[in-house]
Amino acid sequence: MLIDYQPHGVCSRRIQVDVEDGVIQDVAFTGGCNGNLKGISSLVKGMKVEDAIQRLSGICCGTKGTSCPDQLSRALCQALPV
């Protein structure tokens, strides 16, 4: 499943996530802090979607009330079974 998500309230403009059988295969951010987002992408590869959501949800960047990791967790919610 390929998720194409437009984040809100952060510097990144797009998040693309590839999920297979509930496991994150790849993550690509467009825009934002390149090095940090590459690091986050690398860390979540191979992680179960539920685990990544639990770890990343609610992280804030400054006073924004959200962050790129938090927006990634919101994108990953689309991969959860209904």
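In this text, all values refer to a predicted model and were calculated from it rather than measured experimentally.

1. Brief notes about the packing of helix α2 (residues 49–56) against helix α3 (residues 68–76)
The relative placement of two packed helices is expressed as an angle between their axes plus a distance between the axes.
Here is step 1: Where α2 contacts α3, the two axes come as close as 8 Å, and the packing angle between them is 145°. For the pair α2 and α3, the crossing hand works out as left-handed. Each of V49, A52, I53 and L56 in α2 lies in contact with α3, whose residues at this interface are P69, D70, L72, S73 and L76.
Here is step 2: Of the residues in the contact of α2 with α3, the class split is 7 nonpolar, 1 polar and 1 charged.

2. Some details on helix α1 (residues 34–44)
Here is step 1: For α1, the full list of buried residues reads L37, I40, S41 and V44. Buried residues along α1 cover an arc of 100° about the axis, so they all sit on one side. For α1, the exposed residues lying more than 90 degrees away from the buried face are G35, K38 and L43.
Here is step 2: On the buried face of α1, the contacting elements are β2 (12–20), β3 (23–31), α2 and α3.

3. Remarks on the sheet that holds β3
Here is step 1: A sheet is described by the order of its strands in space; here 3 strands give the open sequence β1-β2-β3, paired in antiparallel fashion. Looking at which strands have only one partner, the edges of the open sheet turn out to be β1 (2–5) and β3. Each strand of the sheet is rotated relative to its neighbour by a mean of 15°, with strand direction disregarded.
Here is step 2: Set on the sheet, α1 makes contact with β2 and β3; between it and β3 the angle comes to about 170°.

4. A short note on the side chain of Q71
Here is step 1: Here Q71 is to be found in helix α3.
Here is step 2: Accessibility expressed as a relative area gives 1% for Q71, which makes it buried.
Here is step 3: Within the local environment of Q71, its side chain forms a polar contact with the side chain of Y5, the two groups lying 3.3 Å apart.
Here is step 4: Beyond its immediate chain neighbours, meaning those up to four positions away, Q71 contacts Y5, P7, H8, V10, I15 and T66.

Procedures and definitions
Residues numbered from 1 in each chain as written. Predicted model: local features only at pLDDT ≥ 70, side-chain atom pairs only at ≥ 80, totals over all residues. Heavy atoms only, no water. Axes fitted to C-alpha atoms, helices over the stretch in contact; angles between N-to-C directions. Helix = DSSP H or I, 4+ residues; strand = E, 2+ residues; numbered from the N terminus. Left-handed = near helix turned anticlockwise from the far one by under 90°. Contact = heavy atoms within 4.5 Å. Nonpolar A, V, L, I, M, F, W, Y, C, P; charged D, E, K, R; others polar. Buried < 20%, exposed > 50% of the residue type's maximum accessible area, 1.4 Å probe, protein only. Arc of directions from axis to C-beta. Pairing = 2+ DSSP bridges. Polar contact = N/O pair within 3.5 Å; in protein donor to acceptor, adjacent residues only side chain to side chain.

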